[in-house]
Structures are given as structure tokens and as C-alpha cells.
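Structural overview for review
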Amino acid sequence: MNMGSVKSSDTRAFSINTCYKLFSFVAETTQQRDEWVEAMQACIGRSLSSDTVVWSVWVEESNRRCADCGDEDPDWASVNLCVVICKRCAGVHQSLGPSVSKVRSLRMDEKVWTDSLIQVFLQLGNDRSNLFWASNVPPSETIRPSSNSEERQTFIKTKYCQRKYRQYHRLFGRQEDLNKALCKSVQTGDLLETMSLVFCGADVNCPTGDPDVPNPLCIAQNYGRKLQEEFLFHNLNTEFPGVQDVERVIPQAAVSIPHAGILFKIGSTTRAVTERKGKGDFSQRWCILDKGVLKYFDGEKRAHPCGEIKMSDVQCLVVNPLGKHGYLHTFELYQISGRIHLFGADTPDSVQQWIETIAKAIVPPEAERMASWSFERVGRLRYTEGPNPHSPRACWVAAGGSTLLVLFHASDRPESIDLRKLQELCVQPEPGPVVLVDRGRTLRLEGDRRADFPGWVSSLQQGAGGGDGPLDQQQLTGTDVPVIVDRCLGFITQYGLKSEGIYRKAGVQSKVTALLSSLCLDARRVQLTEGDHQVDDVANAVKRFLRNVREGVFGREQASLPWLQTVALSEKSQRISQYQALLASLPPVHRATLGAVINHLYCVQCFAEENKMDAHSLSIVFGPTLFQADGTDKSAGQVVEDLVQHYQAVFDVDAELFKRQIDMISHIIRAKEDQPDEGPLTPRTICGIYLEVKEEGSELLVQVSQTMTAMEVVSEVLRRRTISPQPEDYWSCFLVNDKEDMERPLHYQEQVLPVYFSLDKDCHLLIKKNDYMKTILTCTDGWVNVTRNGHVQFCEEKGQRAKGSFSRRYCVVTATSLEIYKTQKSNHPEKECHLQALKVYCGIRKKLQPPSSWGMTVEWTQDQHEMHRWYLCCESDHELTDWLATFLLLQHNGDLWPGTS
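Residues numbered from 1 in each chain as written. Predicted model: local features only at pLDDT ≥ 70, side-chain atom pairs only at ≥ 80, totals over all residues. Heavy atoms only, no water.

Further remarks concern the overall build of the protein. What the protein contains, in helices and strands, is 27 helices and 32 strands. Counting the 901 residues in the protein, one finds 51% classified as buried. In the protein, 60% of the contacts between residues at least 6 apart in sequence involve partners at least 24 apart. Approximately 42800 Å² of the protein is accessible, and the part contributed by carbon and sulfur atoms is 48%. (Helix = DSSP H or I, 4+ residues; strand = E, 2+ residues; numbered from the N terminus. Buried < 20%, exposed > 50% of the residue type's maximum accessible area, 1.4 Å probe, protein only. Contact = heavy atoms within 4.5 Å. Areas by Shrake-Rupley, 256 points an atom, 1.4 Å probe, with all protein chains shown as cover.)

So, in C-alpha cells, the structure goes:
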């Protein structure tokens, strides 16, 4: 019965509609029909209900009587009006719409009832709430449990829509004073005062003028007033008669886009539509979207709609996969109230136009890019960044394939996140958030416990890659190599280069299968360790992956033919030139994967004396593997052998950098064989790098893993050099550029190896005391407002060209961007870039003749290839420290050093 619904007709008939069949019954009398219907509805209610919440709310004695009619043991509530009501009054409240009263069951909507929402109802209670809502009800207008439906409807509309019986606030009618009073009230624990202000006209979304706390909700969050925050959250979209619309916490589209046409619709539900609906389940509707309202009619000539959906009440728009339901194209609308609407059509152009039009009506103007994008779902979520998960803000999000577009709070354009390249994706237990770690930034997305959020979780997990998809749908590193390939090749580089018969010997099949299954499920979470994994098992796992991955490394079968035909060319220079052309034509992920594999095979054959695997032997193994062939065509092996032998020429590898890589690998092997007293290498070690130690002026070889942080590297260096840091010492790893006269201290959680491999010949890594950090931590102690603005001397360099000399500019650093204005009075920034994209260095190239010695260099890349450098000069060392501190605090969410966040 928990999967069914009961309906009665005007006669003695009634029906039970289940997910698999419709049952129709006829009783002997109308009274018997009513008894059966009531008994069945009670059965359904019991199967879906829980008494946990209702008994918690009934702890407050006044909540055991309906706030409207006084009936005993009410088990419904309006979560924005803060009253507990009986079932019959709840029906009237629902008819008012969610913009007036958001009705929830105390028994069946358990997930809605957070601890803080329950505390709101305990602190207020029906008696205190009615001090405001029913302070002057005439006895003649009061309703009782026995009142009929018409009397209830009249009273409840008068009470909550006309607000005839409310206690008027002393500031009523003075909008600005009401808003100011609300901003003060939410800092206190007086919920009744806040309720009185809100429902007498104070704007829940009024601007405060402070960018750090732009609205009352943010003020409540800042002061830790959880109950005030809960009350305001449930009233963000409540309609207040007579109050002019101002900028919302979640801004809505400014322009209404009219559109009309035929769609097919399923009756609304409160549960996600998971089962396939046939064409017979849909009803034809004439739909009109105008002025932010979607109305649907029985026919084009009907005067009154069957129903309507306010775009401001839409939480999420979902585009279903083709053929999920009886109609080829379908989409769903999830409302804040919990209702879900399913629409469909067979004409792709018509449905696409509806989807884009609805999306534009839902999202704010800043997110219009989302509406015109080929998304799978778009909607509202809440997010937090960094180490503080207790102050969520609203954002607009669109997901499609492996891309996630997010319009963050106070941002003027969506930010794109490649889900395949996440460092981590963690799904917390329901109803917890989804945690994404992207380029060192931690982002938590929350769904407010609504029906659409599981769909978001599924989209994120699918977009993050893995499973049996092709290469470009796998989890990727920052260099576009699948994490599976990168992890396995790194492990073999460390432990298997001298293993005789590597890649030729078979591993233990059960272990290979188990390892590959784990890697395909979530390669980011698999740590390959020497004690737990054998070299041959890992080698066979990566071979099996490359052989079986959909479409292969070279693409579909026809795409691999030109490679096989190239070996017929007699001239070596012709073959190399053809290979280069074919390599350039490969998609980026395929090109990066092939480069990583051939690079690794070249390293393997460099140790052929020990492992007995020269280029020819490797080609016999990897020819059929990479071309996914049966081995009968020897051309595949000849291609691989050519690529290995001419690796540097085909892939245009810098000879000096490549020599450094081979030297590092050799050092690792010698370190393991010749220096056993240093202890075993850590399981994650994959490479060795040279670091200069400031105190000694000497270089030290340190084994570093791909995930090893700057703090871990510094600790290892200090241990090896027997240096005991003092409590006031802040040792850091610096990237030093001798040519540019600048240096950048790496954040203590920044991964060192990617930085090392990006160094050019004029750069090196240096371990030394971080005097900047010592000064920054001292000067920022007690800072509240982290944003900064002021005049600096500015110079720009784009590519390799310096653009002019230093000139005075007004610089502004917000929570999301760095903005350069021509003057302090300028309305629009002359230049702007995203804060998280910046790399901030101390120092400026002397050849530019900076006007002072207190300068910093800001470096950022546009469109992944065009590099910009901005040079900022200050008037004093103290001013420079303040600017550096602002950049670092905002980029790392205040987490500058362990224990300082």
C-alpha cells in the first residue's frame, strides 16, 4: 500500500492506483465506500510515516493543538509560517501555494525536519506564533475542529494572505527601517521579533551594503544564529504583498520569455520518476510560458488552466536520456514545494526550444550561458568552500557530460569544472553533501534534502569518469592521461624497471582482475604499494585496460589504419613526419595517453640489460595491446617499435629535460640498491628530484611521489639534513626564478612533483625559512575583512612582450577576482582575472626598472595557452605584506599554515 493511492468518485466506486496496476471497486453504499477509502488512506499513511519528528515537536504543549482550529494532535506544519496544523487545515494551506505556506508532514517528511527546524518550532510554539498571527481575532470569525471546509478556507486566507489578525510592528509601513531592524534582529535569539518584522514587510533578501554579509541570511550565518538562519531560509521565496522585489539571494531571470505549444504531461508527484512511463500515461496539454509562469490547459481554446508552475518555484530542470519514457524526448521540473512534473514530446526541435526557454526563465541573467548550453540538468544548490562547512551559499549549477558549470555567489559568470580531472570526489552519507577537490580547492555541494539531489549525485559520479567508457571518459590527471594508466606506469617505473621479463610474464589472474576492477571503479582511491601489489600484476592490469578500453588508444578501427600503413614507408624521415602528423590528429586524451605509454616504454628499454626487454621485445607485447589486434598483423608491433626508437623526434621532446628524467630514474634505482640504510622508499614514491637547501648551499636528492605535498618534502629534507626547526621557524619549499628575480613559496599542501616538471632551465626549488609567512601570520592576526583595495604602480606583460611602463592604478581584490581600475572613480575594471587562477610571486624583474623594491609578480594563463604577467609595486614593505597576505588568505581560504585556518 505504500506504493499506492486511493481515489473515490461521486458514486459508490473507488480505486487503488499502484505502480503496476489500477484496481477498481464498488461498495454497496456511499458510507461503506467512505469507510474503505479512509481505512486504506490510513494504511498508506502509516506505511510511509514515522513518529520521531511528531513527538519531538509535541514536546511543546501548544503544538499539540492546531494553530488554526484547535484540533488535537495535529501532525502537519507550515515550515515558513511556523505553525503546527491539523490535516484539514493543511489542505487549505496547500491550496494557498508554496509562495505563501510551505506545508510539510510531521510524520512523512522526516528528511525535511532538521534539528534546527525542530528547535524553531519548540522555541516559538503555536501559542507564541499566534501572538503575532492571531492577536486580534473576533470571536465570531474563529473556527473550530468541527468547522466546514468553506469556513476553514475563509479564515485561513484571511489570517495568512490578508494578514488581518496579525500584530502590527511599530515600524510597519517604513520599509527601510524594517529592513535595518531585521538585520539587527537576526543577530539575536528573538525569533518572534524576526517573524513580526518579516511578515510585516521587512525584506528577507534586503541588501546590507556589506559584501561579506550581503543579506540577513548571511548575517545570521556570520553570528552563528542557526534558528534565525533556518527561519530565513524557509522564507526566501515567500511572497510579501506590497513589497517591491529587490536583488534576491538567488537572483531570478530579469526577462520573461513567452512561449507556447503542445506538450504531453504526467500528473505531478512528490517522488522521482524512476519507472518508465508509456505514452498512454501522458495527457496532451496546451502549454504557455509567460511572465515567469508555465500554464497548461486541456486544449488550446480552454480559458482556465489545469495547473500552473511558477518559474521562481522551480528548483531543478532535468533533461532525460533519449527513450527513457514512452516519448523519445522528456524533461522534468522539480519544484521547491516538492512537486515533480514530467513532460514529453517526440519532436526534438520543439522539446529543445521548450527546455532552453524554461531554463532562461529559471536562471539569472549571469547564468544565461547555462541555458543555451547542452546540459543534462540545471538548478539551484548550496555550496561551501574551504575548511568552513557551516556557512553555505546559494549557487546555480548545470551538469552535462564531464563538465560542471557553477555560478558562485556574487560572481558575474559561471565557472567551468572538468569532473574527470578532480583530485577527489566523495559522496557523503545521505543527506550529506558531495565533496569535490579541484586544483587544491575543496567544494561542498548540498541539495537541501530534496528529490532532485540524488540525480545530481549520479550526474557528478558519471561525469567524473571511470568504468568501461572510452579514454576521454576516464578519470584524468592534469596532463590528460587516465589515472589508471598514470598510477600503473608510475608504480612500474619505481619498482619494475629491472624486473626481468616485465610485461612479458603473466601475473596472478585473480589479482589482476581484482586490481583492474578497483581501478575502473575509482582509480583515485587506489594506492599501489610495494608490499600489497606485485609488479607483474600491475603490468598485466594496465595492459588489459589498454587492450579492452573502448575505441582504443588510436580511436576507432578505421583511425588506426593510417598508423599501420606508415611502416611501409622506406625513409625514416618520412615515417617520423607521418607519425607526427597522425599524432597531431589524435584527440587530446588519446595523444597524451599514447605519449605517456611510449615514454614509459622508452624508459623500460633503457634498462634492457637487466630486464631483457628491448624495444623489439616490447613492441611484440604492446603492438597487439595498443592496436587491440590479435597479433597476426606484424605492422602493429613495427609501429610501436618505431615510436619507441624515435620517441624524442616523434613527440618533440626536449633532449635536456628527457635526460634529466632518465637520470632521476637511475638515481632512484641506485638509491634503493646502494643506500639501504636510508630505509625503504615510501610506497607512493615515483620520482626523484634535486632540492637546494639554503642553510648548506648544497643539493639533495629526494624521492617524491605524485601526491607528496610541500610540507612532506620539507620534513623529509630537514630529517635527512638533521636540521631541527625552531617553533618560530617556518620552513617552506620555494620556486625560485633567477632570471626574473622572483620567488614563490609553495603552499604547504601543494603537490611538488607537478611544479618540478613545469620548471624551465632558469628555475629551481629551494628549501629555506619562510620569512614572508612569519610576517603574514603576525600582521593578519585578528583580520575580519580579508578583501583589499588601494593604489599601486602597475605594469603588464602579455606573452613575451612588456606593455608600457609602470603607471598608477587602483587595485581591488575581492573574494573571487583581482580587478585593475584606471582610477578609483572608474565604474568598470580595466583588467580582471579570477583569483584562483593566479600565481603570486615575490619580486619583479630588475630589467623592468620597478619604481620601488617592494613588488610582486602576478602570473596567470588565459585560454590554457596565453600567459599574462602583471607587476604590482607598493610604497612600503608593510603594504606589500598586506597585499601578499590578502592574496594568500583568499586563495587558500585562510589555511596558510597547519593549525592557522
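Before going further, it helps to examine the side chain of N80. With respect to the helices, strands and loops of the structure, N80 is situated in the loop between strand 4 (76-78) and strand 5 (83-85). Residue class for N80 comes out buried when judged on its relative accessible area of 0%. Within the structure, N80 has its side chain in polar contact with the backbone oxygen of V100 (distance 2.9 Å). A polar contact of 2.9 Å, which involves the side chain of N80, links it to the backbone nitrogen of K102. The residues contacting N80, other than those within four sequence positions of it, are V100, S101, K102, F199, F231, H234, N235 and T238. (Polar contact = N/O pair within 3.5 Å; in protein donor to acceptor, adjacent residues only side chain to side chain.)

Glancing now at the confidence of the model for the protein. In the predicted model, the protein carries a mean pLDDT of 83, and the fraction of residues at 70 or more is 87%. In the model, residues 241-256 has pLDDT below 50 throughout and makes 38 contacts with residues more than four positions away in sequence or in other chains. Counting contacts from residues 674-688, a segment whose pLDDT is below 50, to residues more than four positions away or on other chains yields 45 contacts. (pLDDT = per-residue confidence, 0-100.)

With antiparallel pairing, the 3 strands of this open sheet are ordered in space as 1-2-3. Every interior strand has two partners, whereas the edge strands, strand 1 (5-8) and strand 3 (22-26), have only one. The average angle at which neighbouring strand axes cross in this sheet is 20 degrees, direction not considered. (Pairing = 2+ DSSP bridges. Axes fitted to C-alpha atoms, helices over the stretch in contact; angles between N-to-C directions.)

For the rest of this paragraph, the subject is the packing of helix 13 (residues 483-495) against helix 15 (residues 535-548). Two numbers describe how helix 13 lies on helix 15: the axes approach to 10 Å, and their chain directions differ by 150 degrees. In terms of their interaxial angle, helix 13 and helix 15 are classed as roughly antiparallel. Where helix 13 crosses over helix 15, the handedness of that crossing is left-handed. Residues I484, V485, C488, L489, F491, I492 and Y495 of helix 13 touch helix 15, and the partners they reach there are V535, V538, A539, V542, F545 and L546. Its residues assigned to classes, the contact of helix 13 with helix 15 comprises 13 nonpolar, no polar and no charged. (Parallel < 35°, antiparallel > 145°, perpendicular 65-115°, else oblique. Left-handed = near helix turned anticlockwise from the far one by under 90°. Nonpolar A, V, L, I, M, F, W, Y, C, P; charged D, E, K, R; others polar.)

In this section: the sheet that holds strand 4. Reading across from one edge, 5-4-6 is the order of the 3 strands in this open sheet, with antiparallel pairing throughout. Each edge of the open sheet is held by one strand with a lone partner, namely strand 5 and strand 6 (103-105). Strand-to-strand twist in this sheet, taken as the mean axis angle between neighbours without regard to direction, amounts to 30 degrees. Relative to strand 6, strand 4 is paired through 3 bridges, and the arrangement is antiparallel. Residue pairing in the sheet places A77 in a bridge with R104 of strand 6.

Let us look at the packing of aromatic side chains. For the structure on display, the rule yields 25 aromatic pairs. With a centroid separation of 4.9 Å and an interplanar angle of 75 degrees, the aromatic rings of Y503 and F622 are classed as edge-to-face. A residue pair is termed long-range when its members are at least 10 positions apart, and Y503 in the loop between helix 13 and helix 14 (509-522) and F622 in helix 20 (residues 615-627) qualify at 119 residues. With respect to burial, Y503 and F622 carry one shared label: buried. Between Y602 and Y647, the aromatic rings sit 5.9 Å apart at their centres with planes inclined by 40 degrees, giving tilted as the arrangement. On the criterion of sequence distance, the pair formed by Y602 in helix 18 (residues 588-606) and Y647 in helix 22 (residues 647-650) is long-range, its members being 45 residues apart. Residue Y602 shares its accessibility class with Y647, and that shared class is buried. Taken together, the ring pairs in this structure connect F132, W133, Y160, F199 and F231 into an aromatic cluster. Stacked on the ring of Y327, the Lys or Arg K279 has its end atom at 5.1 Å from the ring centre. (Phe/Tyr/Trp six-rings, centres within 6.5 Å; stacked < 30°, edge-to-face > 60°. Lys NZ or Arg CZ within 6 Å of the ring centre and 35° of its normal.)

The subject of this paragraph is the pattern of salt bridges. Using the criterion set out here, one finds 29 salt bridges in the structure. Put simply, D127 and R65 hold a salt bridge, and the shortest N to O gap is 3.5 Å. With D127 in helix 4 (residues 115-133) and R65 in the loop between helix 2 (52-57) and strand 4, the pair connects residues that are 62 residues apart, well separated along the chain. Residue classification places R65 among the partly exposed positions, given a relative accessible area of 36%. A salt bridge links K768 to E743, with the nearest nitrogen and oxygen atoms 3.1 Å apart. (Salt bridge = Lys/Arg side-chain N within 4 Å of Asp/Glu carboxyl O.)

Counting residues in each nonpolar core, the largest one holds 64 residues, and the members touching the most others are Y503, W563, L594 and L626. Setting aside chain neighbours within four positions, we find L626 in contact with L546, V553, F554, L594, V597, I598 and V640. (Core = buried A, V, L, I, M, F, W, Y, C linked by side-chain atoms within 4.5 Å.)

In terms of strand pairing, strand 1 meets strand 2 (residues 13-17) through 4 bridges, oriented antiparallel. Considered in strand 2, the bridge of K7 is made with S15. Pairing of strand 2 with strand 3, which is carried by 5 bridges, proceeds in the antiparallel orientation. Note on strand 3: the bridge partner recorded for S15 is S24.

Next up on the list: unusual backbone geometry. Here K291, not a glycine, exhibits a phi torsion of approximately 55 degrees, which is positive. The exposure class of K291 is exposed, given its relative accessible area of 70%. Its identity as a non-glycine residue notwithstanding, Q849 has a phi of 55 degrees, on the positive side. Its location among the elements puts Q849 in the loop between strand 30 (839-842) and strand 31 (855-862). The exposure class of Q849 is exposed, given its relative accessible area of 65%.

Examined against the element boundaries, D633 turns out to sit in the loop between helix 20 and helix 21 (635-645). For D633 and L564, which are 69 residues apart along the polypeptide, the C-alpha to C-alpha distance reads 9.1 Å. At 3.0 Å, the side chain of D633 and the backbone nitrogen of S635 are in polar contact.

To continue, consider helix 4. G125 marks the point of greatest bend in helix 4, at about 65 degrees. Where helix 4 is concerned, the buried positions are S116, L117, I118, V120, F121, L124, G125, N126, S129, N130, F132 and W133. On its buried face, helix 4 is in contact with helix 2, strand 4, strand 5, helix 5 (149-161), helix 7 (191-198) and helix 9 (226-234). (Bend = angle between axes of the 7 residues up to and from the residue.)

This brings us to helix 13. With 13 residues, helix 13 ought to run about 18 Å at 1.5 Å a step, and its terminal C-alpha atoms sit 18 Å apart, in line with that. The buried fraction of helix 13 amounts to 12 of the 13 residues, a majority that puts the element mostly inside the structure. Every buried residue belonging to helix 13 is among V483, I484, V485, R487, C488, L489, G490, F491, I492, T493, Q494 and Y495, and all of these are buried. (Expected span 1.5 Å × (residues − 1).)

With that settled, the discussion passes to the environment of A815. Following the sequence through the fold, A815 ends up in the loop between strand 27 (801-813) and strand 28 (817-821). When the C-alpha atoms of A815 and L889 are compared, they prove to be 9.7 Å apart, with 74 residues separating the residues in sequence. Those residues in contact with A815 that sit more than four places away from it in its chain are T787, L835 and L890.

This paragraph deals with the environment of L192. When you line up the elements, L192 lands in helix 7. Taking relative accessible area as the criterion, L192 reaches 18% and is therefore assigned buried. Distance in space between the C-alpha atoms of L192 and L131 is 8.9 Å, their sequence separation being 61 residues. When near neighbours in sequence (up to four residues on either side) are disregarded, L192 contacts L124, R128, L131 and F132.

Another aspect to go through is the packing of helix 20 against helix 21. It is at 7 Å that the axes of helix 20 and helix 21 come closest, and there the two elements cross at 120 degrees. In this view, helix 20 runs oblique relative to helix 21, as classed from their interaxial angle. When the axes of helix 20 and helix 21 are compared, the crossing they make is right-handed. Facing A615, H616, S619, F622, G623, P624, L626 and F627 of helix 20, the residues of helix 21 in contact are A636, G637, V639, V640, E641, V644 and Q645. In terms of residue class, the contact of helix 20 with helix 21 is built from 9 nonpolar, 5 polar and 1 charged.

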